[in-house]
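Examination of the molecular architecture
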Amino acid sequence: MTDRKEPPQEPGEAGPHGKPEPADRALKPRKFYKAEQEAAFSESSFTHTPQTSHPAYRLAFRDTDFLLRDDLRPVRFQLELLKAETMLEEAGVGSMLVIYGSARIPSPEAAEALLETADTDPRGRAVIESLVAKQQYYQEARKLAYMASAAAIVENGERHFVVCSGGGPSIMEAANRGAHEAGAESVGLNIVLPHEQAPNSYVTPRLSLQFHYFALRKMHFLMRARALAVFPGGFGTFDEFFETLTLVQTGKMKPIPIFLFGRSFWEKVVDFGALADEGVISHEDLQLFRIVDTAEEAWERIVKFYKLHPAN
């Protein structure tokens, strides 16, 4: 008596047990299920037992408690670096015009309301009046972002000088707003803070990225930066600006156009010349950046530096 052999089934035809055979012979590159499919299988196919109900049984990449452990910090670093890189690459962002600045300087629309709510204390009132007086910088950031976005620089299928801000209010909002008014996309690299900070409404939703680690956020600011505009700001602005200067000064980063907006502000709050006179930096280091007052001057220098041919 010879064994009876079942005839081979075509992919999708019913097999000997009445179930469709898998398409093993289909000429497709993928032979394994995608992770999202496997995750769905794991959640729908097993019965609930003490074993399957225990956290140890969760798929590692679906186990939030596991991913948030202290010893998984290197993995979270990698994920935070990779996600933003993937989103920007898929969006065709080749380079960025990065704009730093205060989260407190009001827009022209908000300036009057801010004055109306000013503290009755003379000193508090003076601080608010100082912030309101800086609304010109909101306008210059907005204008610079508009000019860069309207230029529509595209090379090898990638968009260049895409406006990027910290994603928050004030000067950051002005940057994204200017790009939005030019009909262009813009990037917002937001950061998780103990107090609420939502992305401003002008950031392009698919380019609105959130970070847990300041280090990874600052890295993404500079990985694609081809020009940097620094407006009046506080500790965060100083941190980002001086780190960039350090990278260029030490040769870790190639020189790019770096602009400080607002001569009256910067010459008041930082005596760069004194640093050079004291010998802690070189006088040549003062050439790493340029103080400007208008968006037109900054954009003209960017165009000259890169020998650009803007569309407009």
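Residues numbered from 1 in each chain as written. Predicted model: local features only at pLDDT ≥ 70, side-chain atom pairs only at ≥ 80, totals over all residues. Heavy atoms only, no water.

An unreviewed UniProt entry lists the protein under the name AMP nucleosidase, from Croceicoccus ponticola.

With that out of the way, let us pick up the environment of Gly 167. Note that Gly 167 resides in the loop between strand 4 (162-165) and helix 7 (171-181). Gly 167 has contacts with Met 172, Asn 176, Gly 188, Leu 189, Asn 190, Ala 198, Pro 199, Asn 200 and Val 203, leaving out every residue within four places of it along the chain. (Helix = DSSP H or I, 4+ residues; strand = E, 2+ residues; numbered from the N terminus. Contact = heavy atoms within 4.5 Å.)

Moving on: the pairing of strand 5 (residues 187-191). Counting buried positions along strand 5 gives 5 out of 5 residues, so the element sits mostly inside the fold. Where burial is concerned, the two faces of strand 5 agree: the one with Val 187, Leu 189 and Ile 191 and the one with Gly 188 and Asn 190 are both buried. Where strand 4 lies against strand 5, 2 bridges are found, and the strand directions are parallel. Across the sheet, the residue bridging to Ser 165 is Gly 188, located in strand 5. Pairing of strand 5 with strand 6 (residues 208-211), which is carried by 4 bridges, proceeds in the parallel orientation. Paired with Ile 191 across the two strands is Phe 211, which belongs to strand 6. (Buried < 20%, exposed > 50% of the residue type's maximum accessible area, 1.4 Å probe, protein only. Pairing = 2+ DSSP bridges.)

Further remarks concern the packing of helix 3 (residues 73-90) against helix 8 (residues 214-223). Between helix 3 and helix 8, whose axes approach to 10 Å, the crossing angle comes to 30 degrees. By the angle between their axes, helix 3 is roughly parallel relative to helix 8. Classified by chirality, the crossing of helix 8 by helix 3 is right-handed. Taken together, the residues of helix 8 that come into contact with helix 3 (itself represented by Phe 77, Glu 80, Leu 81, Ala 84, Glu 85 and Leu 88) are Leu 216, Met 219, His 220 and Met 223. In terms of residue class, the contact of helix 3 with helix 8 is built from 7 nonpolar, 1 polar and 2 charged. (Axes fitted to C-alpha atoms, helices over the stretch in contact; angles between N-to-C directions. Parallel < 35°, antiparallel > 145°, perpendicular 65-115°, else oblique. Left-handed = near helix turned anticlockwise from the far one by under 90°. Nonpolar A, V, L, I, M, F, W, Y, C, P; charged D, E, K, R; others polar.)

Moving on to the nonpolar core. The biggest cluster of nonpolar side chains holds 64 residues, and the ones touching the most others in it are Leu 97, Ile 99, Leu 144 and Trp 299. In terms of residue count, helix 6 (residues 135-151) provides more of this core than any other element does, 7 residues in total. (Core = buried A, V, L, I, M, F, W, Y, C linked by side-chain atoms within 4.5 Å.)

What follows deals with the layout of surface pockets. Roughly 950 Å³ of volume is contained in the largest pocket. Lining the largest pocket we find 35 residues, and of these Ser 102, Ala 103, Gly 233, Gly 234 and Phe 235 sit closest to its centre. Of all the elements in the fold, those that place two or more residues in the lining of the largest pocket are strand 1 (96-100), helix 5 (122-133), helix 8, helix 9 (235-249) and helix 10 (263-269). Top element by residues in the lining of the largest pocket is helix 9. It accounts for 6 residues. (1 Å grid on protein atoms, 1.4 Å probe; cavity = no way out; pocket = protein on both sides within 12 Å on 5 of 7 lines; lining within 4 Å. Points joined across faces, edges and corners; volume = space filled by probe spheres on them.)

Bringing the pairing of strand 8 (residues 258-261) into the picture now. Side chains of strand 8 alternate between two faces, with Ile 258 and Leu 260 and Phe 259 and Phe 261 buried alike. Pairing between strand 7 (residues 225-230) and strand 8: 3 bridges, direction parallel. Residue pairing across strands places Val 230 opposite Leu 260, the latter belonging to strand 8. Read as a crossover between parallel neighbours, the route from strand 7 over helix 9 to strand 8 is right-handed. Judged from the 3 bridges that link them, strand 8 and strand 9 (residues 290-292) form a sheet pairing that is parallel. Within strand 9, the position partnered with Leu 260 by the bridge is Ile 291. (Right-handed = clockwise from strand over helix to strand, strands pointing away.)

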